[in-house]
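# Tertiary structure, described
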Amino acid sequence: MATRKLTPAEMSEADHAFYGLVWAGTVLTERVDRALTKAHDLPVSWFEVMLWLASSDEPVAASVLGNSTMLSRSQVSRVLDALQARGLVSRTPSARDARSVEVALTPEGRAVFEEADATRRACLAPVFTDVLEQEDMEALGAVWRKLKAHKDA
């Protein structure tokens, strides 16, 4: 039986767009994961948690990280355990809710994040930020916000 690839013209526009999103997410995530692991011994899942923490001026409730990241709550918990073991995050009881724990980057965690973020940006530049125009970035952002707004539909 002969095998051949489907061409984009043989797919519906919706299927092609969906496949493109999946392909781009997979390829770019794998690229960043390899670069971060090699340079910093920091898997991309750890970096994602650190990214959310770095973007906040105050400690973040662990439950908020579970809702913000692309990780499950149990994955976030395991990542936080690993980051805390490396001295990159601290956990403290919440002053607002006794049942909650708040997480923040330590000074060492902030330094590691900044180095890793520079690695991530350098890794993505030749295949993402240097390739896309500002309008492309804005369009991708708009698409992402629309899809995220309907994730529970």
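Check the entry above for the structure.
What comes next is a walk through the structure. Positions within a chain are numbered from 1, following the residues in the order the chain's sequence is written. It should be noted that, the model being predicted, local features are given only for residues of pLDDT at least 70 and side-chain atom pairs only at 80 or more, the latter also being counted only at that level, while totals for whole chains, interfaces and linings use all residues. To get the side-chain values, take all heavy atoms of the structure and skip hydrogens and water.

### What to know about a nonpolar patch on the surface
Two distance rules govern patches: like charges are joined within 9 Å, and nonpolar side chains (Val, Leu, Ile, Met, Phe, Trp, Tyr) within 5 Å, applied only to residues with over 30% relative accessible area and no salt bridge. Surface exposure here means Shrake-Rupley accessible area, sampled with a 1.4 Å probe, where a residue is shielded only by the protein chains that are shown. The term salt bridge refers to a pairing of a side-chain nitrogen on Lys or Arg with a carboxyl oxygen on Asp or Glu at a separation within 4 Å. Taken together, the side chains of Tyr19, Trp23 and Val27 define a hydrophobic patch exposed on the protein surface, amounting to about 320 Å² of accessible area. As for its position among the elements, Tyr19 is in helix α1 (residues 13-40). Exposure remark for Tyr19: the relative accessible area of 47% places this residue in the partly exposed category. A run of H or I in DSSP becomes a helix once it reaches four residues, and a run of E becomes a strand once it reaches two; helices and strands are each numbered from the N terminus. Using a 1.4 Å probe on the protein chains alone, a residue whose accessible area is under 20% of its type maximum counts as buried, one over 50% counts as exposed, and one in between counts as partly exposed.

### Digging into the sheet that holds strand β1 (residues 60-61)
Taken together, the three strands give an open sheet; going across it, the order is β1-β3-β2, and neighbouring strands pair in antiparallel fashion. Taken across any chain shown, the strands that pair with only one partner, and hence form the sheet edges, are β1 and β2 (89-93). Here β1 runs beside strand β3 (residues 101-105); their pairing, made up of two bridges, is antiparallel. The residue of β3 that forms the bridge with Val60 is Val103. The sheet contacts of helix α4 (residues 73-85) involve β2 and β3, and relative to β2 the element is tilted by about 115°. Paired strands, as defined in this entry, are two strands with at least two bridges between them according to DSSP. We call two residues in contact when some of their heavy atoms are within 4.5 Å. Under this scheme, a helix contributes an axis fitted over its contacting stretch, all axes are lines through C-alpha atoms, and angles between N-to-C directions fall in the 0 to 180 degree range.

### A closer look at the packing of helix α2 (residues 44-54) against α4
Look at α2 against α4: their axes get within 10 Å of each other, and the N-to-C directions meet at 85°. On the basis of the axis angle, α2 is roughly perpendicular to α4. From α2, Ser45, Trp46, Val49 and Met50 reach across to α4, where they touch Val79, Leu80, Ala82 and Leu83. Looking at side-chain class alone, the contact of α2 with α4 contains seven nonpolar, one polar and no charged residues. Working definition: roughly parallel below 35 degrees, roughly antiparallel above 145 degrees, roughly perpendicular at 65 to 115 degrees, and oblique for all remaining angles. Three classes are used, and their members are as follows: Ala, Val, Leu, Ile, Met, Phe, Trp, Tyr, Cys and Pro are nonpolar, Asp, Glu, Lys and Arg are charged, and the others, Gly among them, are polar.

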